[in-house]
Structure formats: C-alpha cells, structure tokens
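Observations on chain architecture
The primary structure of each chain is shown beneath.
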Amino acid sequence: MMMPVQAQAQDAYNPPDTPPDFNTPEIIVTAQRRAQSLQAVPIAVSAFDAEALEAQQIENAADLQLTLPNVSFTKSNFTASSFTIRGIGDLCVGVTCDSATAIHVNSAPLFGTRLFETEYFDLERIEVLRGPQGTLFGRNATSGVVNVVTAKPVLGDFRGSGEFEYGNYDSIKATGMVNLPIGSTMAARVAGFYLNRDGYTENLFNDTRIDGRDMYAVRGSLRWEPAATTTIDLIGYYFREDDDRLRIQKQQCQRDPTGVLGCLNGGLAFEKVNLNSAFTGTLGSDEFLAINGLPPGFGLNSLYGPDAFSNFQEPADFRKVATAFTPEYFADELQVQLQVDQDLGAFNVSLSGIYQETSVDSRQDYNLGVLDRRGFAPALNQAAFFAANGVPTGLPAPFPPFVPGSSAYFAPIANALFPNGPNGVLCTSEASLDNRGAFEGERLCGDSPLSFDRSNEDRRSYSGEVIVSSNFDGPFNFLLGGIYANSQVSENSYFINTFAIDYIGGLLGSFNTFATVTDANPANDLPPSYLGPSMFRNNTLDFELDSYGIFGETYFDVNDRLKLTAGLRYNNDEKTNVARSTLISFLVPYALQDNPFNSPFVGSTFDADLGTPGNQLVQAREVSFDAITGRFVADYELTPDNLLYASYSRGYKSGGINPPLQPIFAVPEGFEKESIDAFEIGSKNTFANGQLVLNATAFYYKYKALQLSRIIARTAVNDTIDANVYGLELEAVIRPDPALLVNLSFSYLKSEVAGDEFFSNPRDPAGGRSDAVIIKDITNGANCAVVPTIAGNGAGANAFVGAINAGLGLRAPGAFPADGNINATGAFSICSALQQQAAAIGGAFGGIQVLSPGVAVNLKGNDLPQAPSFKASVGAQYTVTFDNGMTLVPRADLAFTGEQFGSIFNGNVNSIDSFVQANARVQLNGPDERYFVRAFVQNIFDSSSVTGLYLTDAASGLFTNVFTLDPRRYGVAVGVQF
C-alpha cells in the first residue's frame, strides 16, 4: 500500500555522467479547488497519477483500497459499494441516503454512479481526500472525497496508445487512446476499454462458471482554447455491463436446528439457513395454515420438521456455490460534462456542469442454494386434487361429493405453479416492474423451486457549479462558489420471489374467496382470487433530491511561512419520496390478468401509509435539511521541503426518509442529519533531495447522529448513533538510488460508539438474557422476545409461552444448541397474541413483557463496522537500464488489512479476519518506451479476503451475505504508444 505519488515504473534513462536525481516528479492536485503541489496542500490527500495506477496494478476501486491508509472498500447488498475512510463509510442504506464518501469526476459530484463496476482507463490521476470536506466539495461529505480526473486532449499533438492483456479465467482486456489535434486551438481525445472473462465462481449445480464480466466503456473529450486565457472542455462518457456478475460472493450461517432463528449467534460457518425460520417457511407451514382454518395437508413444511435445505451441503469454499438460478447483471451510465475556465488576470472564473444517467438491474439466487422439492409433494398433490375435482362437501350420498364450481378457485394455482402436474416443473413469479407474476403468465419454471431477488434503479442527475477565485499579489486571496444539484430516481425496487410466496398467496386467496360462496346470495360471492402481488417488493416510485450550497474560503499569508485558511459553507437539501412495500397484501382476481394494483379490492384493503388517514396506495414524504459548515487551517513552512499544519473542519450529511415496511413495524419514519467535528494535525516532508518523502497525520473526530442501517422486514431502516474516531496515518517513499523505489504506509484507527445507545441485536433478540424466550412470529417471520417483569424468572416466561402455544397447536419453548451463543430458549408463536395475553393476565406467571423486535442492548464502546484497526503496506520496484535504452522493471507489493467487524454489534459472529494481498509484475520497456511486454500476478496467495458482511433480517433467517476480493489472477500484456 505504497504512497501513490511515486510509481516510476518507466523513469527516463539517465546516462552515467548525469548526476543522480532523487527528486520526485511534482504531482499537481485540486484538493482545494485550485492547482497545487501535493506536498504543499495542508490536507490528508493521496494522489495516483497514470504511471502509479499502472505500476501498482490499481485497476478498479477494490484495488485502490490496498494502497491507502485508513481506506477500505467493499461491495454491498443492493448493487452498491462503500468506500470507508477513517472508519466512516456508507452505513446508511436506502434511496434517500447520501453517500458519506463523495465520488467526483473532474471535481463534479456523481449520484448513484456505476463507476465502481468499471475499470480505470486513460486517467490523469485519482485524488483521495481523507476527512470531512466542510467547505469546497459539494455535495458535502463526512468521510472524504474520491475525485477521478480524466486525461484531457493535448493541443497540437497526435498521439495514441493501445494495450492487450490475456489472463487466466480466459480474461481478455483491451484499452486504447488516440489524441487528435484540430487546428492550433482545438484537440479531441477518444479512449476506451473492453473486458471479457469467465466467472470466478464455480456453480456445482450445473458445472458452470458464474460471476464473469462482459463490459466496456468509451470516453470522448474535446478541448478548445480560443484564447490563452480561456479553456473549454467537453467530455462524454458511456459505460455498459451485461453479464452474470454476483452481487454477493457467498452466504454463511451457523445453522439453527430449531428453526426459530434460522442462523445462530456463535459464528459464521459454511452451512445453510434453516428455512423454517423464514417468512416463507412460517406462512407455508402446516401449523400456520391450521391456525387459519385451512384443511390439513396443504402445508409445504412443518415448523418442527425438515426444511428445503435440510439435506443441502454448502460448499466450504468461497469460490464454489450451488444454484439453479444463473445470476444476471446489467448496468450502464452516461455522463456529459462541460467545464469552462476563464482567466481574468487577478481573478479566475470556473463554470462546470454535468448530466448523468445511470441504471442497474441485477438478479441472483436469494439463498445461493438448491431447494429440495421432495417435502412439497404431499401439499402439491392435495392442491392438484382440489384443482381437478373441487372442494369435498363432506356430506354422505346422495349429496354430490364436491361443491359445484369450487375447482375454479384452485385450478389457477395448479395451472400457474405446476402446469404439468405435481411432479413436473415448478414455476415462480417473475420480478416484473408492473407487479404481474405467475398468475398473470409472467413466470420462470424449472425442476427445482426457484428463489431469487432483484435489485434495480433508474436515475437521472445533473449539477452546475460556479467558482470565482482571486490571484492577488498580496497576502490575501479568496474563493467563492455555489453549486446546485438535482437527482431523480424514477424506479428503485428490491424484489424477493420464491415458489413458496406464489403458493401461499394463491392458497390463502383461494380459500378466503371460496369461503364467501353461499347458496343464499350468490351476488356476494367473491371471484376466485389470490393474495397479491405474489412477490415481496419494496418499491420507490419516485425520489427527488434538490440541493444547493454556497461556499467561500479566504487565504491569508501572515508571513512568508505561516498561512491561514478559513472557509464557510451553507448547505440546503430537500428530499421527496414516494414509496410502498407489498407482499401478498390484497385480493387479486385470477381473471384480472393485469397489474395487480388494478384489482377492485386494492383500495379498500391495502394501506401503504398508516401515518395518513384512510387507505393510501403509496407513502409520500418530504423532508428538508440545512447546515452551516466550514474549516480553519493553519500551515507553517519550516523549510521549503517541510510543512506543518493543523485544522478544524465541520462536516454534514443530510438525513432522509425510511421506506415503508411490510408488515408494519414501529420504526422512525426518517433519520436525522449527520454532523462531524474533525480535528487534524499533519506534516509533509521531503528530505535529502527527494531520497525520503515522509507524511504523517493524526486526527480526532466527534460524530453526532452517525447514520447506520439495520434490516427489518427485508427492508433497510436507518438509525443514528454518536461516535468518536481517532487515528494515525504514515506514508513514506524511500529512494536510496535513482533506480530503486520503496513505498511504505501504516495506519492505526480506533472507532467507538459514544454514549449510551440501545438497540436490539437481531442475531440475539434476547440480548444475552437467560430468562427470556425468543419467539419466531409465524404470521410474518419476525422475531420478538418474551421477558419476565421480574428479572430471572425464566420459568415464568417459558410457562407463559407454553400455555399460549398449547391453545395454538404449537410447542412449548426449547433450548438452542450449546454452541449457538444464545442463552435464552426459543419457540414458534404469534407475537401479537402473546402481547395481548401478557396485558390481560396482569401479574400471572410473575408478570410478562413482549418486546419487539427484542431486548435492547447498549452499544457504548463498540467498534464501528468496516473500520480495521491496522493497515500497512510495502511496495518496491527496481529499474534495470540496458545499453540500448531498454528497461526492465520488476515490482512487488504487499498489503495487510487488520481485523474489523461487519456489524455495529461486534462479536465473533460479526468479525472479519485480517488478510494479506500480494501482487507482483515485471515489465520490459522498449527504447523511448514505445512498446512494452508485461507479466503480472495479483493476489499471489489466492486469499479469499473478506471485505464486508451484510446481515439479512429475521424474516429471512439471519444468514450473512459475504463480500470478497478477487481470487488469484495472472497473465501477460503487450502495449504500444505513438
């Protein structure tokens, strides 16, 4: 993880009679929105020029983290990614969340960007600013900024380059660039890349490989300099990916044999979740259907019997899965950017604007496993019987054995879900944007029951910014600016589709509507219907952000060595959101064959917004936030090569709106804005004519209302906590000889929850108590905890649940396995029924409370997630120069990332092991660097390095989605430039 400013893989050859030159080429950055030398900027910023990116094999965002102190990167659950800087990343999940780490291209902010899917190509540099940006970069960011600066056309010069790479996994990658002069004042530049490779993951179900790549991008740039004082840049960019990328590399679980939790709290293992704990397992069970008065035999499972994963063997390898559903991944992005820079002598005016369209659509197996259909056979046979014959009357002869016309209520189930009979293919609803599913003919069929999710978004954004800066000869200068940004999401959904949801929705709907059939008044008979939509869908129909900021900074030279910077910014953000959540929510006639929301029953039975009187088809909310932020910096130049600085910065990130839940739980409708007070001291130093560059930074943060998410009812809900963060960063470049370059970095980080913060741990709803009973609610798959009023009276709590369960036909509480790290007992039951009875019995059983979603525990002192305490790296390269001018440059890099946690609740089950990544390459350059040949290897030790965890909710069984870095890659490349 080398300090990135020095990657001289292709240094020019110095003849023997030339004195050794240890000076490092100057890197110019725009961390303060003006061009400055990297070593002169009093900010913790790292910059990678094009040579550094190439030499250190930084090909994408995942590689970038290996070379930076206190910076981590991981994919996340819903087609997104998270850059974590100094312990602060995108812990807030949802459409209305802002990114903690702002992503910019040429200093313009991006929204919902797919930049993390693409490969880096034809860049001038990448700048990473660590710490809150209280003034200059908008929209504001509390953790830092990643600014990607693209290569611009060069006037009066025809040049080009091309590179072809082949590697394992049949990987083919090509990049190219051409620069064309157009007269003396204009030039155009076109660059692009193409990548195609086989998947990193083996699918044992059908002996195929998945998680492959098929993507390309192209960028066109036009520069016009009509006068020496005017520069106009027009940039267009398009990226497209269409392949079988996996959003989630692996799922892990310590399987719970009781089925109450699904996965236990002892640790992560290569085991599969117990589906009896999932909402499909509870709603499709014999016990739930019996409580709802359905005839016996229709259940797909018993809560106390085997589930569809009982015989499934999870491959004990991060690169092996078994899935009957081949993943699908599509993403594209369009950017059009205009920048105008006008020098007016003592002033400079900069105008910039960017328009952006992004879309992403991903589907994959929800459980990354193959469901066993054998347990479904009795239920499907009985459903097929009712479909073919109708409902038995139960009356003796000579009465007819079946209710006339009753088969019409059940035949649609068989026709849609198992059209070739119970032993034929099983069909599951498509995740259609118009909500139509299997009962409308939109379905996927296969020999195995399918279970998959879909995550998609369509977004359009634009922003405009103006900056006026001074260039006075005296000690005082200033910068003033303003920015306006708008981002609108026209579609964002997260679907879960399973055969069990279709079956349950059809069965419950058919029995409910059939129950209305009477001979007395046929006009009141409800038509054959199912409960729909027949899929879970959390849907944002429309989201809009309007944001503006006004900012300014002053720069005052107290003397030749001491400089002061002071800045202020006013931020204003307005957000509107229209959303709803559905899961078999209302009756839909089978005969409708249209969008279920055109059902005649939707308006009277479905309410998306309990906070507004009447039945609402959507939940509409509007919020606004504003804040004044800024920074103050004092920097002192000990010598021209040694700089000391100290700074205070206040950062801000707007709050947002929590989406509606299905079923409804008591959670806040929104979450408040986040703010940070950051204190930093640092030093930037160059010694011995460039033989040693050493930069050091120490920082302390106080966060208020730090936003983080938890999953409830398959939906991300955001809360806030207070936190303290402090740490140290060191970066060094050692060059004892012009041919030898060594990069070093080290960082220490401590992050902790400040003050008393109480939340229920979803992995242990009992909060560690031994006198509690953990309940799996069979009506919705959620969890709650039954606790005695008098602490320690576990016998009373167990007796209470046992008594209520006896009347429901359910079993009394039982113990969890000894290694599950759960002290409480557990049982299937109905939380609302227990709560009603607890209120009714008063002091019986010693007094009882029912807590949903569980017992709150204090998080004070816990580490923040994705915040490794230690990171370190070393990289070295040596340039061998031959008499004919050719050079041979071997290089090796080693990066260490320490232990971290994937959840704010910490504990062994949320622990992420430390990992080491090692890369190496050797490159032979031709004379004048006109061509090269390269051999490379990445992840030499083939480590399955885990970068992040994502815990699913109780209604899914609490399994953990795991995200990893790529496996070992190796190959060769050739390139030319002219």
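Refer to the structure above for everything that follows.
The structure reproduced in this document is the subject of the present report. (Residues numbered from 1 in each chain as written. Predicted model: local features only at pLDDT ≥ 70, side-chain atom pairs only at ≥ 80, totals over all residues. Heavy atoms only, no water.)

1. Some words on the overall build of the protein
A tally of helices and strands in the protein yields 10 helices and 53 strands. Relative to a compact globule of 978 residues, whose C-alpha radius of gyration would be 30 Å, the protein shows 31 Å and is just as compact. In terms of overall dimensions, the protein has a C-alpha envelope of 115 × 55 × 50 Å along the principal axes. When contacts within the protein are restricted to residue pairs at least 6 apart in sequence, those whose partners lie at least 24 apart make up 70%. Taking the average place of the 63 positive charges on the side chains of the protein and the average place of its 104 negative ones, the gap between the two points comes to 1 Å. (Helix = DSSP H or I, 4+ residues; strand = E, 2+ residues; numbered from the N terminus. Rg over C-alpha atoms; globule rule 2.2 N^0.38 Å. Contact = heavy atoms within 4.5 Å. Lys, Arg positive; Asp, Glu negative; His and termini not counted. Charge placed at Lys NZ, Arg CZ, Asp CG, Glu CD.)

2. Overview of the sheet that holds strand β3 (residues 45-49)
Pairing within the open sheet is mixed, and its five strands lie in the order β3-β8-β9-β6-β7. At either end of the open sheet lies a strand with only one pairing partner, and these are β3 and β7 (108-109). Taken together, the five bridges between β3 and strand β8 (residues 123-130) define a ladder with antiparallel strand orientation. Across the sheet, A47 pairs through a bridge with E127, a residue of β8. (Pairing = 2+ DSSP bridges.)

3. A few points about the side chain of R969
Inspection of the secondary structure assignment puts R969 in strand β53 (residues 969-977). When residues no more than four places from it in sequence are discounted, the contact partners of R969 are E59, E165, N168, S171, Y200, F936, V937 and Q938.

4. As for the packing of aromatic side chains
What describes a pair of aromatic rings is the distance from one ring centre to the other and the angle between the planes of the rings. Applying the stated criterion across every chain yields a total of 41 aromatic pairs. Taking 5.7 Å as the distance between ring centres and 35° as the angle between the ring planes, the aromatic pair formed by Y530 and Y590 counts as tilted. Linking Y530 in strand β25 (residues 529-532) with Y590 in the loop between β28 (586-589) and α8 (602-605), this pair joins segments that are 60 residues apart in sequence. Residue classification places Y530 among the buried positions, given a relative accessible area of 0%. (Phe/Tyr/Trp six-rings, centres within 6.5 Å; stacked < 30°, edge-to-face > 60°. Buried < 20%, exposed > 50% of the residue type's maximum accessible area, 1.4 Å probe, protein only.)

5. Quick look at the state of the cysteines
Using the criterion set out here, one finds three disulfides in the structure. Between the sulfur atoms of C427 and its disulfide mate C445 the distance is 2.0 Å. Where C427 bonds to C445 through sulfur, the torsion about that S-S bond is close to 105°, and the disulfide is right-handed. Note that C427 is positioned in strand β21 (residues 426-429) and C445 in strand β22 (residues 443-446), a separation of 18 residues in sequence. The disulfide that involves C784 links it to C831, with 2.1 Å between the sulfurs. On the sign convention where negative means left-handed, the S-S torsion of about -100° between C784 and C831 marks this disulfide as left-handed. Of this pair, C784 sits in strand β39 (residues 783-788) while C831 sits in helix α10 (residues 831-841), and the two are 47 residues apart along the sequence. Exposure remark for C831: the relative accessible area of 9% places this residue in the buried category. (Disulfide = S-S within 2.5 Å.)

6. Observations regarding a nonpolar patch on the surface
Taken together, the side chains of L728, L730, I734, L744, F746, F870, V874, L894, F896, V916, I940 and F941 present a nonpolar region at the surface, about 870 Å² in accessible area. Those elements that place two or more of their residues in the nonpolar patch are β35 (715-737), β36 (740-753), β44 (870-878) and β46 (887-897). Take the nonpolar patch: its biggest share by element is three residues, from β35. Mapped onto the elements, L744 comes out in strand β36. Classification of L744 by relative accessible area gives partly exposed; the value is 31%. (Patch = residues over 30% accessible without salt bridge, like charges linked within 9 Å, V, L, I, M, F, W, Y side chains within 5 Å. Areas by Shrake-Rupley, 256 points an atom, 1.4 Å probe, with all protein chains shown as cover. Salt bridge = Lys/Arg side-chain N within 4 Å of Asp/Glu carboxyl O.)

7. Concerning the nonpolar core
Core analysis: the largest hydrophobic core is formed by 85 residues, its most contacted members being F298, F410, L417, F418, Y503 and I774. In terms of residues, this core owes the most to one element, helix α7 (residues 499-514), which gives nine residues. Setting aside its immediate chain neighbours within four residues, Y503 contacts F298, L300, A379, L380, A383 and L417. (Core = buried A, V, L, I, M, F, W, Y, C linked by side-chain atoms within 4.5 Å.)

8. A closer look at the pattern of salt bridges
Evaluated as defined, the whole model comprises 39 salt bridges. Here D372 and R374 are joined by a salt bridge, their closest N and O atoms 2.6 Å apart. Overall, R374 belongs to the exposed group, its relative accessible area being 59%. Of the charged contacts, one joins D677 and R650 as a salt bridge, the two residues approaching to 2.7 Å between their closest N and O atoms. With D677 in strand β33 (residues 674-687) and R650 in strand β30 (residues 642-653), this residue pair connects regions lying 27 residues apart in the sequence. The class for R650 is partly exposed, based on a relative accessible area of 30%. Through salt bridges with shared partners, a single ionic network connects R86, R130, E680, E729 and E731.

9. Details of a negative patch on the surface
A surface patch of negative charge is lined by D557, D560, E637 and D641. Along the chain, D641 turns up in the loop between β29 (619-639) and β30. On the basis of relative accessibility, which here comes to 43%, the residue D641 falls in the partly exposed class.

10. Some points on α10
Every α-helix carries 3.6 residues per turn, so stepping three or four residues along brings you back to the same face. Here α10 has its buried residues at C831, A833, L834 and A838. One side of α10 carries all its buried residues, which in axial view fall inside an arc of 155°. Facing away from the buried side of α10 by over 90 degrees, the exposed positions are Q836, A839 and A840. One or two residues past the end of α10 sits G842, with phi positive at roughly 65°. (Arc of directions from axis to C-beta.)

11. Section: the sheet that holds strand β52 (residues 960-964)
Taken in spatial order, the three strands line up as β17-β52-β51 in an open sheet, and their pairing is antiparallel. Either end of the sheet is taken by a strand with one partner, and the two such strands are β17 (250-252) and β51 (946-951). Going from strand to strand, the sheet's axes swing by 30° on average, the running direction of each strand aside. Pairing analysis gives three bridges linking β17 to β52, with the strands arranged antiparallel. The residue bridging Q251 from the neighbouring strand is N961, located in β52. (Axes fitted to C-alpha atoms, helices over the stretch in contact; angles between N-to-C directions.)

12. Structural notes on the environment of A867
Secondary-structure assignment places A867 in the loop between β43 (856-858) and β44. The class of A867 is buried, set by a relative accessible area of 6%. Along the backbone, A867 and G87 are 780 residues apart, and their C-alpha atoms lie at a distance of 4.4 Å. Beyond its immediate sequence surroundings of up to four residues, A867 is in contact with G87, L749, S751 and Q900.

13. Observations concerning unusual backbone geometry
Cis peptide bonds are those with omega within 30 degrees of zero, and the linkage from G532 to P533 qualifies with -10°. Its place among the elements puts P533 in the loop between β25 and β26 (536-557). Residue P853 is bonded to the preceding S852 through a cis peptide linkage, with omega at 10°. Note that P853 resides in the loop between β42 (848-851) and β43. Here R86, not a glycine, exhibits a phi torsion of approximately 55°, which is positive. Considering the arrangement of structural elements, one finds R86 in the loop between β5 (81-85) and β6 (101-105). A relative accessible area of 0% means that R86 is categorised as buried. For E929, which is not a glycine, the phi torsion comes out positive at approximately 55°. Given the relative accessible area of 23%, E929 is considered partly exposed.

Everything listed here is a matter of coordinates, which is why it stays silent on function.
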